[in-house]
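# Residue-level structure breakdown
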Amino acid sequence: ILTRWNFIRWFYDVGRWDFRRDKLEPGDDYNECVAFEPANDAFGMMRWNMLELERLGWLERARLVNTVHDDLWFEVPESLVDEATREIWKVLERPCPNLTNSTGVFSCEVEAQLGMNMGKYLDMKSAREKDTLPNEGGMREIERGSVGV
């Protein structure tokens, strides 16, 4: 399979002919083949966003420390917390021209969380609604929602 992101993956046993039933049956790689494109779309979008964050200098300025599944973890200097959240959020929520369908260009809602460590953090969406954003910096997670087309 060649994906819209120009990634290639080979599947060798997607289907096999069942001569007794006279029909095509799923092979050992069938489920992996079906799951590959949506997972690759999510990975491709994450990579596309990270390349833009790198181009804008945010991976270094906000100190990207880890990626976990579809999350980006930053150790943001206190003086940059508000600006980094706003600017990184913009990049992650922008429409992705590689992911289109009959309804248009796909974009993904993001969530941001703030805390002094990875164990305790504040949900930024509820904090903004309550207007209780803390003034302290620390570990900030920018998380994308699920991606599928």
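Residues numbered from 1 in each chain as written. Predicted model: local features only at pLDDT ≥ 70, side-chain atom pairs only at ≥ 80, totals over all residues. Heavy atoms only, no water.

A word on the environment of Val105. On the secondary structure map, Val105 appears in strand β6 (residues 104–106). Each C-alpha atom, one on Val105 and one on Arg94, is 9.7 Å from the other, the two residues being eleven residues apart in sequence. (Helix = DSSP H or I, 4+ residues; strand = E, 2+ residues; numbered from the N terminus.)

Under the counting rule described, the total for this entry stands at two aromatic pairs. Between Phe7 and Phe43, the aromatic rings sit 5.7 Å apart at their centres with planes inclined by 65 degrees, giving edge-to-face as the arrangement. Pair noted here: Phe7 is in the segment before β1 (15–18) and Phe43 is in helix α1 (residues 30–56), with a separation of 36 residues, a long-range link. Relative to Phe36, the ring of Phe11 has its centre 5.8 Å away and its plane inclined at 65 degrees; by these criteria the two rings are edge-to-face. One end of the pair, Phe11, is in the segment before β1; the other, Phe36, is in helix α1, and 25 residues separate them in sequence. The class of Phe11 is buried, set by a relative accessible area of 15%. Here the basic side chain of Arg61 rests over the ring of Trp58, its NZ or CZ set 4.1 Å away from the ring centre. (Phe/Tyr/Trp six-rings, centres within 6.5 Å; stacked < 30°, edge-to-face > 60°. Buried < 20%, exposed > 50% of the residue type's maximum accessible area, 1.4 Å probe, protein only. Lys NZ or Arg CZ within 6 Å of the ring centre and 35° of its normal.)

Here the focus is α1. Helical periodicity: at 3.6 residues per turn, an α-helix aligns residues three or four positions apart in one direction. Taking 1.5 Å as the rise per residue, α1 with 27 residues should run 39 Å; its terminal C-alpha atoms sit 40 Å apart, in good agreement. In the structure, α1 departs most strongly from a straight axis at Phe36, where the bend amounts to approximately 35 degrees and where the proline Pro38 lies between one and four residues downstream. Count one or two residues on from α1 and you reach Gly57, which has phi positive near 85 degrees. (Expected span 1.5 Å × (residues − 1). Bend = angle between axes of the 7 residues up to and from the residue.)

In this structure, Leu53, Ala62, Leu72, Phe74, Val76 and Ile88 are the most contacted members of the largest nonpolar core, which totals 19 residues. Among the elements that make up this core, the one with the highest residue count is helix α3 (residues 81–93) (six residues). In this structure, Trp5, Met45, Leu99 and Phe106 belong to the second largest nonpolar core, which totals six residues. (Core = buried A, V, L, I, M, F, W, Y, C linked by side-chain atoms within 4.5 Å.)

What follows is about the pairing of strand β5 (residues 96–101). Here β5 pairs with β6 via three bridges, running antiparallel. For Thr100, the partnering residue across the bridge sits in β6 and is Val105. Where β5 hands over to β6, the hairpin turn is made up of two residues, counted between the paired strands. (Pairing = 2+ DSSP bridges.)

Turning next to the side chain of Glu52. Mapped onto the elements, Glu52 comes out in helix α1. On the basis of relative accessible area, Glu52 is assigned to the buried category, the value being 18%.

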